[in-house]
Amino acid sequence: MRVRGIISLLFLISVLLEFNVVYSYTRPPPRKNIFTPLSDDDDASSPQQVRVSQVGKDRMRISWFTIYPTPATVQYGLTPSANSFNATGVIDSYHYMFYYSGPVHNVIVGPLKPNTVYYYRMGDCTKVYNFKTPPSHFPIKFAVVGDLGQTEYTKTTLQHISDPGYDMLLLAGDLSYADTIQEQWESFGRLIEPLASQRPWMVTTGDHDIEKITFFHRRSFTAYNTRWLMPFNESGSNSNQYYSFEVAGVHIIMLGSYTDFDSNSNQYKWLQGDLNKVDRKNTPWLVVMFHAPWYNSNTLHQGEYASVEMKAILEDMLYKARVDIVISAHIHAYERFTRVYKEKANKCGPVYITIGDGGNRDDFNPYFMDPPPDISFFRERSFGHGTLEVTNATHALWTWIRNHDDKPVTTESLWLTSLSSDSACNGN
Ligand SMILES: [Fe+2]
């Protein structure tokens, strides 16, 4: 009996590995949108919406809002007294239609030691926060999420990300689901602060991050650009919509699906230059993230310009650069493709992953094409998040963690090998 049980288990594993899989987890009904108010302990001078992001090799940008103007200064150090170092930054603000933001503070601190906890306090506030810097060498663990929004599902996802810990969070667009309602950006900033003030969050834009009112207002990223300043200057980009950075042997490129990408565009030229500068000896792993997926077998969002045209223009470039993984969002369901190039399995192409199901208010996208394309290896109709644990120069573990009601359940986990170590894919 025991032998038969083992054989059955091996058969089940082999089926899951060899064939395209759709899990039919039936999720409970949608949960309501939530608004995260200012804490009772906070006043108009208190830092709120605090978060950190990586800048260059060994610096972090600390960003926060206040209602009344306060100094753009940070005291920080290795002990809770947080008084070893001082840094001064800049204050920005913006308005959109009838909304006027409070002061946005951005202060860069460093140089910092890798994999180290720093304590910090902002302006005149006595409250002490802390963050941990990412490691400078493998291993490193990324939490990966898209279309986060701010619902009860979002809270579940954030809990599942927070509990086991991570070094850096990558968000593939559609952050707050503000859709021009600026107070939603504030609420989102307060919702994520417990996590985002402790680990660097690196993000790119999605369609719900755009301000656009038909006939009245052309497309802009006014709120995103002021609130979510990313290290574009440091990577030679002239736009906050696309940039790159390196961390612990991984070169990560963030692109803008809703920013010009044609062959005459600044984004196209910058991407070309950035890929040419990648040294796979220093950064064996090459990861690209943008919002609208190029490969998608969900019935929703088929044929969209941001997906189809961007793929037509940029796929060759990513393939020739031997990009290891492409992560997108937008579809509110999980899907993982094999290595792909021009619609076919190709051992030198990137693994494509869609993970636009962090917990947004639009509910999930339940319908997949049937039968699935043979390049699509795993599909699941659920909210959740992923983790990418890069253990060394050659191997990384990708894991998809479903929000099974309120429990984190791993339903796909696979080891990936970097193309930089695959001699058959180099020199082409
Ligand atoms: Fe989207």
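These remarks concern the structure in this document. (Residues numbered from 1 in each chain as written. Predicted model: local features only at pLDDT ≥ 70, side-chain atom pairs only at ≥ 80, totals over all residues. Heavy atoms only, no water.)

## Re helix α5 (residues 266–277)
For α5, with 12 residues, the first-to-last C-alpha span of 17 Å sits near the 16 Å given by 1.5 Å per residue. Those residues of α5 not exposed but buried are Q267, Y268, W270, L271, D274 and L275. The buried side chains of α5 occupy one side of the element, clustering within an arc of 165° when seen end-on. Seen from the buried face of α5, the exposed residues on the opposite side, beyond 90 degrees, are N276 and K277. (Helix = DSSP H or I, 4+ residues; strand = E, 2+ residues; numbered from the N terminus. Expected span 1.5 Å × (residues − 1). Buried < 20%, exposed > 50% of the residue type's maximum accessible area, 1.4 Å probe, protein only. Arc of directions from axis to C-beta.)

## Quick look at the pattern of salt bridges
Taken as a whole, this structure holds 8 salt bridges when the rule is applied. E412 is the partner of R336 in a salt bridge, and the nearest nitrogen-oxygen pair spans 2.6 Å. Here E412 lies in strand β27 (residues 407–417) and R336 lies in strand β21 (residues 334–341), a separation of 76 residues in the sequence. As far as the burial class goes, R336 and E412 line up, both buried. Residue E380 is joined to R402 by a salt bridge in which the shortest nitrogen-to-oxygen separation is 2.8 Å. On the criterion of sequence distance, the pair formed by E380 in strand β24 (residues 376–380) and R402 in strand β26 (residues 395–404) is long-range, its members being 22 residues apart. (Salt bridge = Lys/Arg side-chain N within 4 Å of Asp/Glu carboxyl O.)

## Quick look at the nonpolar core
Ranked by size, the top nonpolar core spans 64 residues in total, and within it F142, L170, W201, W228 and W398 carry the most contacts. Considering each element in turn, this core owes the most residues, 6 residues, to helix α3 (residues 182–196). What F142 contacts, discounting residues up to four positions off in sequence, is M168, L170, V247, V250, I252, G386, T387, L388 and V390. (Core = buried A, V, L, I, M, F, W, Y, C linked by side-chain atoms within 4.5 Å. Contact = heavy atoms within 4.5 Å.)

## Digging into the sheet that holds strand β13 (residues 168–171)
Pairing within the open sheet is mixed, and its 6 strands lie in the order β14-β13-β12-β25-β26-β27. Each edge of the sheet is formed by a strand with only one pairing partner; in this case those strands are β14 (201–203) and β27. Between one strand axis and the next, the sheet turns through 20° on average, direction left out of account. As judged from the 10 bridges shared by β26 and β27, these two strands associate in the antiparallel manner. Looking across to β27, one finds that R402 is bridged to V409. (Pairing = 2+ DSSP bridges. Axes fitted to C-alpha atoms, helices over the stretch in contact; angles between N-to-C directions.)

## A word on the coordination of the iron ion
All of the protein donors around the iron ion are D174 (OD), D207 (OD), H291 (NE2) and H330 (ND1); their distances to the metal are 2.1 to 2.3 Å. Relative to the metal, the 4 donor atoms surrounding the iron ion lie at angles of 86 to 169°, and the coordination shape comes out irregular. As a motif over one chain, the donors of the iron ion read D-x32-D-x83-H-x38-H. Of the two residues, D174 sits in the loop between β13 and α3 while H291 sits in the loop between β19 (285–289) and α6 (305–320), which places them 117 residues apart along the sequence. (Donors = N, O, S within 2.8 Å, 3.2 Å for Na, K, Ca; no water. Tetrahedral: all angles 85-135°; square planar, octahedral: opposite > 155°, others 65-115°.)

## Quick word on the packing of aromatic side chains
Counted by the stated rule, this structure contains 19 aromatic pairs. Taking the centre distance of 5.7 Å and the plane angle of 25° together, the rings of F261 and Y305 count as stacked. Of this pair, F261 sits in the loop between β18 (250–254) and α5 while Y305 is found in helix α6, placing the two residues 44 residues apart along the sequence. Among the residues examined, F261 registers a relative accessible area of 5% and is labelled buried. One aromatic cluster is present, built from ring pairs that chain together Y76, F85, Y118, Y120, Y129 and F131. Across from the ring centre of W228, 3.9 Å away, lies the NZ or CZ of R51, which sits over that ring. The positively charged end of R322 is found above the aromatic ring belonging to Y319, 4.7 Å away from the centroid. (Phe/Tyr/Trp six-rings, centres within 6.5 Å; stacked < 30°, edge-to-face > 60°. Lys NZ or Arg CZ within 6 Å of the ring centre and 35° of its normal.)

## Observations regarding the packing of helix α2 (residues 152–162) against α3
One can describe the packing of α2 onto α3 by two numbers: an axis separation of 11 Å at closest approach and a directional angle of 10°. Judged by the inter-axis angle, α2 sits roughly parallel to α3. Across from T154, K155, L158, I161 and S162 in α2, the residues of α3 making contact are L191, I192 and L195. Here the contact of α2 with α3 is composed, by residue class, of 5 nonpolar, 2 polar and 1 charged. (Parallel < 35°, antiparallel > 145°, perpendicular 65-115°, else oblique. Nonpolar A, V, L, I, M, F, W, Y, C, P; charged D, E, K, R; others polar.)

## A look at unusual backbone geometry
Each neighbour pair has its own omega, and for F138 with P139 the value is 0°, a cis peptide bond. Structurally, P139 can be placed in the loop between β11 (129–132) and β12 (140–145). Cis geometry marks the peptide bond from D370 to P371; its omega dihedral reads 0°. Relative to the assigned elements, P371 resides in the loop between β23 (351–355) and β24. One non-glycine residue with positive phi stands out, namely H330, at about 75°. Looking at the secondary structure, you find H330 in the loop between β20 (325–328) and β21. One non-glycine residue, E343, lies in positive phi territory at about 75°. Looking at the element boundaries, E343 is found in the loop between β21 and β22 (344–345). The partly exposed category is assigned to E343, whose relative accessible area is 47%.

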